[in-house]
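The chain contents come next:
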Amino acid sequence: MAADEQSTPDAHRAARLAPLPNHRNVETSWWQELWRRHAHITTPLRERGLECDIEFGLSAYIVRVSLPDDSYLIISPPQEPPSERQPGNPEGWIATREHPDDQSLFEVLYDSAPSGDPGAPQRPEARHGGSAQPLIEAIDHRLTQLGLLPHPVVPHEGSPVHPAQSTPHPRQVPGVPDTADHARNYVYGDAILALTDRLNGAESHADAAALLHQILDPINGLLERLGEFFEAAGEKAKEAVEDDGFDLSYDLADAAAEIRNLGEVLHVAEDRMRALTPLVPAPRLPSTAARAPSLPPRALPPAQPRHMR
């Protein structure tokens, strides 16, 4: 499926993901767009062997995660009142565990949604807002306690941990098949994923512009560092005795040039982002009926709200 290929570009990695849902909506463009918008939630869970689906809840789209004991997780944005933000990028996440045949089983694993009551105490995770990383960590922790994580993630020995993190970053991919009990930690890719999570949760265009600066700064930005990396890789390729070493060095030098050219093309993107004005939300209609958030540029088909606690 196109949406799945975009969210998991590495074919070897994709082979180990939990399977896609088995229903006719999977091949529709609107469902694939929803899947793409939630890939930062579904992909790390599928890497852990958990099957995920996208459904419509009370007033917004949710991620439903099947667990080995027939219970399931519901990962959703705020539902009452409904979130004003686009699917996959809410102001906070709520993760609950439920069971279809045992109504007494209901627990909140994570809740970073802002409280609607100014006097009510905030949960500790509320400071994370819509960031996906702490959500996945909380799910990892609880499902490991319950023995319900099909493919536990093993920390990479000696890998750096951000001071604010109590557990390793969730985006860790199992190794090759003959070393499946050993996990690899993609430290540098994880750092970019964390930056992307911060961008998703940015509260203003100025905050987003500051994150763009980390990528586009012509001296210390990520693109410049990537250019230097590919140049160094090209020099290393030249040290080989094979003739292909020189051919590879030329390809890597071309990659470095293209990356730097991308920085030149986008050199004003930071200023343009900072100058943007936030959209003013449309006034809410005086109706109690729950409505699905719009998903430009394609309208979604009508959805029947599912029963939720």
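Bear in mind that the values here come from a model prediction, so they are computed numbers and not experimental data. (Residues numbered from 1 in each chain as written. Predicted model: local features only at pLDDT ≥ 70, side-chain atom pairs only at ≥ 80, totals over all residues. Heavy atoms only, no water.)

Here we look at the overall build of the chain
Here's step 1: Helix and strand counts for the chain come out as 10 helices and seven strands.
Here's step 2: Of the contacts formed within the chain by residues at least 6 apart in sequence, a portion of 57% connects residues at least 24 apart.
Here's step 3: Total accessible area on the chain is roughly 18100 Å²; 56% of this is exposed by carbon and sulfur atoms. (Helix = DSSP H or I, 4+ residues; strand = E, 2+ residues; numbered from the N terminus. Contact = heavy atoms within 4.5 Å. Areas by Shrake-Rupley, 256 points an atom, 1.4 Å probe, with all protein chains shown as cover.)

A look at empty space enclosed by the protein
Here's step 1: Under the criterion given, the structure shown has one cavity of 30 Å³ or more.
Here's step 2: Of the volumes computed, that of the largest cavity is approximately 90 Å³.
Here's step 3: Lining the largest cavity are 12 residues; nearest its centre among them are Ala-60, Pro-77, Gln-86, Pro-87 and Gly-88.
Here's step 4: Residue classes in the lining of the largest cavity are distributed as seven nonpolar, four polar and one charged. (1 Å grid on protein atoms, 1.4 Å probe; cavity = no way out; pocket = protein on both sides within 12 Å on 5 of 7 lines; lining within 4 Å. Points joined across faces, edges and corners; volume = space filled by probe spheres on them. Nonpolar A, V, L, I, M, F, W, Y, C, P; charged D, E, K, R; others polar.)

Things to note about the pattern of salt bridges
Here's step 1: For the structure on display, the rule yields 14 salt bridges.
Here's step 2: A salt bridge links Arg-260 to Glu-224, with the nearest nitrogen and oxygen atoms 3.2 Å apart. Remark: Glu-224 occurs in helix α8 (residues 222–237) and Arg-260 occurs in helix α9 (residues 244–265); sequence separation between them is 36 residues.
Here's step 3: Between Lys-238 and Glu-235 there is a salt bridge, with its nearest N and O atoms 3.3 Å apart.
Here's step 4: Given the relative accessible area of 33%, Lys-238 is considered partly exposed.
Here's step 5: What you see here is one network of salt bridges that share partners, running through Asp-69, Arg-97, Glu-107 and Arg-142. (Salt bridge = Lys/Arg side-chain N within 4 Å of Asp/Glu carboxyl O. Buried < 20%, exposed > 50% of the residue type's maximum accessible area, 1.4 Å probe, protein only.)

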